[in-house]
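An overview of the molecular structure
So you can see what is in the structure, the chains are spelled out below.
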Amino acid sequence: MTRAISRAVLSQVTRDLASAPTAFAADFRVNINLSALDFRDLKLFSELGALLREAGMSPQRYRFEVTEGMLMEDVGTAERVVGILADYGVEFAIDDFGTGYSSLAQLARLPVHELKIDHTFTRSIDTKRGKTVVRAVLDLAARLEMPVTAEGIETRTQALALAAYGCEKGQGYLYGRAMPFATLLDFAANYQANHGAAQKAAG
């Protein structure tokens, strides 16, 4: 049942990406969280390959997220799964970074495309420890030339603090809540229109 649900999710994501208007379709990339069961299901990833071939879309439009804890729990499986994704051209992100004590050796060996700072550190950005962890992650990512996304941003104060430390990407309720894909397309179109207008005004 788990694989059937996961495959249905992958199929729906593929259909949604294919339906995105060409005006900003190239900018759409979907991050998909893998569960612990998904992560150990190598057959699911072979089915992913078939889906990618059927869809005919760039695999770089998919980015799979695995929590740092899952990654460190079974390093052997992690290397096999990430290797499969890399062969497909699909990108890979470490979710909840900072909570699982991943080693620098793993970061150096695995083709990681993104680190996602865990929401607990975002929420404690006003504390000394929170600031220290966030700045350490950002410094590490910069040295590895890897983008970082801060999770769980709920206030403008958090967003401004993260931006001051050099974090250029974020997600959280400050920007929007979960929404149907059709609503997301409208949201993206409005943002693109407003952002473009603001840039013209500034220029």
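Above: the structure in question.
Attention here is on the structure that accompanies the text. These numbers were taken from a predicted model, which means no experiment stands behind them. (Residues numbered from 1 in each chain as written. Predicted model: local features only at pLDDT ≥ 70, side-chain atom pairs only at ≥ 80, totals over all residues. Heavy atoms only, no water.)

**Section: the overall build of the protein**
Within the protein, the secondary structure is distributed over 10 helices and six strands. In the protein, which comprises 203 residues, the proportion classed as buried is 41%. Intrachain contacts of the protein at a sequence separation of at least 6 include 69% that bridge at least 24 residues. For the protein, the exposed area adds up to about 11400 Å²; of that, 55% sits on carbon and sulfur atoms. (Helix = DSSP H or I, 4+ residues; strand = E, 2+ residues; numbered from the N terminus. Buried < 20%, exposed > 50% of the residue type's maximum accessible area, 1.4 Å probe, protein only. Contact = heavy atoms within 4.5 Å. Areas by Shrake-Rupley, 256 points an atom, 1.4 Å probe, with all protein chains shown as cover.)

**Looking at helix 9 (residues 156–164)**
Those residues of helix 9 that fall on the buried side of the exposure criterion are Gln158, Ala159 and Leu162. The buried residues of helix 9 occupy one face: seen down the axis, they fall within an arc of 100 degrees. In helix 9, those exposed residues whose orientation departs by more than 90 degrees from the buried face are Arg156, Thr157 and Ala164. (Arc of directions from axis to C-beta.)

**Points about the sheet that holds strand 3 (residues 91–97)**
Strands sit in the order 1-2-3-4-5-6 across an open sheet of six strands; the sheet is parallel. One side of each edge strand has no neighbouring strand; the edge strands of this open sheet are strand 1 (30–33) and strand 6 (169–170). Across three bridges, the pairing between strand 4 (residues 114–117) and strand 5 (residues 148–150) is parallel. Paired with Lys116 across the strands is Thr149, a residue of strand 5. (Pairing = 2+ DSSP bridges.)

**What about the pairing of strand 2 (residues 62–67)?**
A large share of strand 2 lies buried, amounting to five of its six residues. In terms of strand pairing, strand 1 meets strand 2 through four bridges, oriented parallel. For Ile32, the partnering residue across the bridge sits in strand 2 and is Phe64. As judged from the five bridges shared by strand 2 and strand 3, these two strands associate in the parallel manner. What sits directly across from Glu65, in strand 3, is Ala93.

**Details of the packing of aromatic side chains**
Using the criterion set out here, one finds zero aromatic pairs in the structure. Sitting over the face of the ring of Tyr173, Arg177 holds its NZ or CZ atom 3.7 Å from the ring centroid. (Phe/Tyr/Trp six-rings, centres within 6.5 Å; stacked < 30°, edge-to-face > 60°. Lys NZ or Arg CZ within 6 Å of the ring centre and 35° of its normal.)

Spatial relationships are all this shows, so hold off on functional conclusions.
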